[in-house]
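Results of the structural survey
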Amino acid sequence: MISPGGGRLLPASIPFRFLAAALVFHLIGWTALAAGAPLLAATVGGLGLPLAGLHLMTLGVLTVTAMGAGFQLLPVAIQADLPAVWPCRLASWLLLPGVAVLSWGMMTADLVELALGGSAVALALVVFAVTVGLALRRTDRSKPQVRLIVRHLWAALACLVTLAVLGLALLGDFAHGYLDDHRTVAAIHLVVACYGFLGLLAAGFVQVLVPMFALVAPQAERPATIVLATAIAALIAAAAGAFVPAAVIGLGTACLHVHGMVGLMRRRNRRNLGTSFLLVRLSWVMLPVSLVVGLLLALDLLPSWGPPLFALTAIGGWLLSLVLGMLQRILPFLAAIHAARAAQRIPKVSELSTGPILRIQTSAHVMALVTVGTGMVLDIDWLIRVGALTGAAGAAAFIIYAIDLYLRIENLPRARSAAIMRKTGS
């Protein structure tokens, strides 16, 4: 069991290695998209820089963050320990280099690297699924909020297994060409990854994170369960290749989910939530927008820039905005908790706050989405490149924030000693 006598706090090296890697992959992902700008507006899903950049975001940023934050937050959310610590380390040893090798293989069209990287990533996902699944079996489901999170997580794990199988099938098809319709399978893989695994995981965790950070009572179980049920129905339709019904059901589900989250925000006790919830609110806007784009795409009403615009709205606009907004809260929260373990005192938020750089990062992210999207629609390569480089600048700003946060935590004991000496006149 985890941390005997030390609560459910994992060793600091585990969540922070995932989160640090996610920040680096975020920077590399935007840079890869900038380099692949001439191909991005009309990409058809083949190997190359656009596909590598896409997976640097979905696997390198979103999945890595989901694992790192999930391993730490999951025991608290479901009120049950993980079975052991070593699977968390094993997942990191497989996933982090696996993403790098897989992305490089996609960029260079190297089949050996695709096989090695894809296998490592798939094994990491299996380790995560088994570890989380064992923890879910230990939960006490007498509390409505715990039941709600557990349902979301089981559904997310089912999608995780599906997307891993589809991903390996797609990688094998590049070498052996056995799929009759690669593009349709790739579309199903993308939908299951974004709206299934990552989307349901996010929907489950926001049931804990939004009330915790906004200081508000959790959402009622019944409406959230209805949203989950309709989301699963949409995913089943998408998995069957019925993209139009899936998009229609998904759009209704997204509106219900956003309505519930907006209701929570109206009742919140903490009024000033900083730039983090500007990004979270942006993600709630972009979720239904992405499904509108997906519906138009399924109806064949969009030109060649439709698929990349769908990916931008779903991955960059919805999921990445949500993850970056939550990371602005999660990073100082985890840093404060681990600092408290060593210093016996939880640091004040004011001691960890660096508002200006987070405002720069938030602004750069929004500008990147707008500029890249405009460049796609107008088919202007240099505009896509400028937008992607703006996103890279925002990613660099977030890395600077993380380094500054680390240094603040390291210097807290000395700063406190100096303050005590000034007060005592010593």
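Going by the structure above, here's the rest.
Please read these numbers as outputs of a predicted model, since none were measured by experiment.

Considering the pattern of salt bridges
Side-chain pairs of opposite charge can arise where the charged atoms are in close proximity. The tally for this structure, following the rule as stated, stands at 2 salt bridges. Among the ionic pairs, Arg147 bridges to Glu221, the shortest N-O distance being 2.8 Å. Here Arg147, found in helix H6 (residues 144–176), pairs with Glu221, found in helix H8 (residues 221–239); they are 74 residues apart in sequence, far enough to count as distant. Of the charged contacts in the structure, one is a salt bridge between Glu221 and Arg151, with a shortest N-O distance of 2.9 Å. Taken together, the positions of Glu221 in helix H8 and Arg151 in helix H6 put the pair 70 residues apart, joining distant regions of the chain.

Examining the environment of Val206
Within the secondary structure, Val206 sits in helix H7 (residues 182–214). When the C-alpha positions of Val206 and Pro218 are compared, they lie 9.6 Å apart, and in sequence the two are 12 residues distant. When sequence neighbours within four positions are dropped, the list of residues in contact with Val206 reads Pro211, His257, Met261, Leu322 and Met326.

Observations concerning the packing of helix H3 (residues 49–78) against H7
For the pair H3 and H7, the least separation of the axes is 11 Å and the interaxial angle reads 35 degrees. As H3 packs across H7, the resulting crossing turns out to be left-handed. Facing H3, whose interface residues are His55, Thr58, Leu62, Thr63, Ala66, Gly70, Leu73, Leu74 and Ala77, H7 presents His189, Phe197, Leu198, Leu201, Phe205, Val208 and Leu209. Counted by class, the contact of H3 with H7 contains 11 nonpolar, 5 polar and no charged residues.

Here we look at H3
For H3, the principal kink sits at Gly70 and spans about 45 degrees. Most of H3 is tucked away: 27 of the 30 residues are buried. Gln79 occupies a position one or two residues after H3 and carries a positive phi of about 55 degrees.

Points about helix H13 (residues 355–378)
Since the α-helix packs 3.6 residues into each turn, any two residues three or four apart lie on the same face. For H13, with 24 residues, the first-to-last C-alpha span of 35 Å sits near the 34 Å given by 1.5 Å per residue. Positioned one or two residues after H13, Asp379 has a phi angle of 60 degrees, which is positive.

Quick word on the packing of aromatic side chains
Taken as a whole, this structure holds 6 aromatic pairs when the rule is applied. Arranged with centres 5.8 Å apart and planes meeting at 40 degrees, the rings of Phe398 and Tyr401 form a pair that is tilted. Taken together, the residues span about one helical turn, with Phe398 and Tyr401 both in helix H14 (residues 381–424) at a distance of 3 residues. Note on Phe398: relative accessible area 0%, which makes it buried.

Structural notes on a nonpolar patch on the surface
A cluster of nonpolar residues, Val292, Leu296, Leu299 and Leu301, forms a patch on the protein surface that exposes about 320 Å² of accessible area. Position of Val292 among the secondary structure elements: in helix H10 (residues 276–298).

Quick notes on the rules
Residues numbered from 1 in each chain as written. Predicted model: local features only at pLDDT ≥ 70, side-chain atom pairs only at ≥ 80, totals over all residues. Heavy atoms only, no water. Salt bridge = Lys/Arg side-chain N within 4 Å of Asp/Glu carboxyl O. Helix = DSSP H or I, 4+ residues; strand = E, 2+ residues; numbered from the N terminus. Contact = heavy atoms within 4.5 Å. Axes fitted to C-alpha atoms, helices over the stretch in contact; angles between N-to-C directions. Left-handed = near helix turned anticlockwise from the far one by under 90°. Nonpolar A, V, L, I, M, F, W, Y, C, P; charged D, E, K, R; others polar. Bend = angle between axes of the 7 residues up to and from the residue. Buried < 20%, exposed > 50% of the residue type's maximum accessible area, 1.4 Å probe, protein only. Expected span 1.5 Å × (residues − 1). Phe/Tyr/Trp six-rings, centres within 6.5 Å; stacked < 30°, edge-to-face > 60°. Patch = residues over 30% accessible without salt bridge, like charges linked within 9 Å, V, L, I, M, F, W, Y side chains within 5 Å. Areas by Shrake-Rupley, 256 points an atom, 1.4 Å probe, with all protein chains shown as cover.

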